[in-house]
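Residues per chain, in single letters:
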Amino acid sequence: MRHTASQHSIVKKNIPIVYEDETLCIVNKPYGIPVQGGAHIAVCLTELLSSQLGTAIYPVHRLDKETSGLLITAKSPEAARTCRTLFDTKAVEKEYTALCFGGFSDAAKNTAAAVSASKPQVPASGVINTPIIENGVAKPALSTYRLLAGTESYSLFSVRIQSGRMHQIRIHLAGIGFPIIGDDKHGNFPLNKQLWKTQRIKKLQLCATRLRLPIHGKNSLFTLSLPDHIQTAVDSLGLQTFC
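Throughout this document, residue positions are counted from 1 along each chain, in the order its sequence is written. At least 70 in pLDDT is required for a residue's local features to be given in this predicted model, at least 80 for side-chain atom pairs to be given and counted, and no such filter applies to totals for whole chains, interfaces and linings, which use all residues. Excluding hydrogens and water, the side-chain values take into account all heavy atoms of the structure.

1. Points about the environment of L239
Short version of the rule: Starting at the N terminus, helices and strands are each numbered in turn, a helix being any DSSP run of H or I of at least four residues and a strand any DSSP run of E of at least two. Here the term buried applies to any residue with accessible area under 20% of the maximum for its type, exposed to any over 50%, and partly exposed to those in between, with areas from a 1.4 Å probe on protein chains only. Any pair of residues with heavy atoms lying within 4.5 Å of one another is described as a contacting pair.
Looking at where L239 falls in the secondary structure, it is placed in the loop between α5 (228-236) and β14 (240-241). Its relative accessible area of 10% is what places L239 among the buried residues. L239 sits 88 residues away from T151 along the chain, and the two C-alpha atoms are 5.6 Å apart. When near neighbours in sequence (up to four residues on either side) are disregarded, L239 contacts L99, A149, G150, T151, Y154, S155, L156 and V234.

Now the structure itself:
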């Protein structure tokens, strides 16, 4: 079965729900809301959703505060643990859309081995397996990416992750020369500052737009259109789809 949903702006105490049953609730997490509470966090998604649904909510996986998109939550600790086993067995597919600095030459746009104008050895689709450092230890990480649209200066990628390391997509794309626009931790700080001055684009341009997992014995697919802040940036920067 297939489900679609459009991005909504943040409404006070209202988290957009994409799918809900007696054990799970899949939401469209808005930009700027942390998933869980903690020190110096006044509001978080689990608290808002718990109040909205009238039941306790437990996150199954995580999204950064600045990342929007599809997020799985559960209504009990048991349901959360069961769903996490799906991640452990690779039964869940997660796909993100990222708008990045860095462009591809016109001659390369229609080839499977497109060459970046700024990073000559980077193809338009491929695999990144650079380990991610967590707590001082290098952990294996795997991301596959595909160029969706772009200009000489900017690129829109679809990225699937086979592991769930913190900031994995942000680190991996920056590592091949395509830092995500608005990334204030792993991005290109001078270009972020310049783009804010010229285009007023500041938010992190990363969204979880596609999710596939088995629910009640059926393979279920959930998709989102780009959130307003990313679609606006894509339009203002003049990206053209060529893949």
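2. Digging into the nonpolar core
Applicable threshold: By nonpolar core is meant a set of buried Ala, Val, Leu, Ile, Met, Phe, Trp, Tyr and Cys residues that side-chain atoms within 4.5 Å join together.
Ranked by internal contacts, the top residues of the largest apolar core, which has 31 residues, are F157, I169, L173 and I180. Elements supplying a minimum of two residues to this core: β3 (24-29), α1 (45-53), β6 (93-101), β10 (143-150), β11 (154-161), α3 (168-175) and β12 (206-215). Among the nonpolar cores identified, the runner-up in size contains 18 residues, and I26, I72, L213 and I215 belong to it.

3. Concerning unusual backbone geometry
A positive phi is found at K90, a non-glycine position, where the angle reads about 65 degrees. With respect to the helices and strands, K90 occurs in the loop between α2 (77-88) and β6. Of note, N135 is a non-glycine position whose phi angle comes to about 55 degrees, a positive value. As for its position among the elements, N135 is in the loop between β8 (132-134) and β9 (137-139). With relative accessibility at 83%, the residue N135 sits in the exposed group.

4. A word on α5
Quick reminder: α-helices carry 3.6 residues per turn. Residues three or four places apart thus point the same way. The cut-off we apply is this: Taken from the helix axis, the directions to the C-beta atoms give the arc we talk about.
Taken as a whole, α5 has its buried residues at H229, I230, A233 and V234. The buried residues of α5 occupy one face: seen down the axis, they fall within an arc of 135 degrees. Facing away from the buried surface of α5 by more than 90 degrees, the exposed residues are D228, T232 and D235. Contacts made by the buried residues of α5 are with β5 (68-74), β6, β11 and β12. Of the residues flanking the end of α5, it is G238, one or two places downstream, whose phi is positive at about 70 degrees.

5. Observations regarding α3
Of all the residues in α3, the buried ones are Q168, I169, R170, H172 and L173. On its buried face, α3 is in contact with β6, β7 (125-128), β8, β10, β11 and β12. Backbone geometry just downstream of α3 places G177 in the positive-phi region, at approximately 95 degrees.

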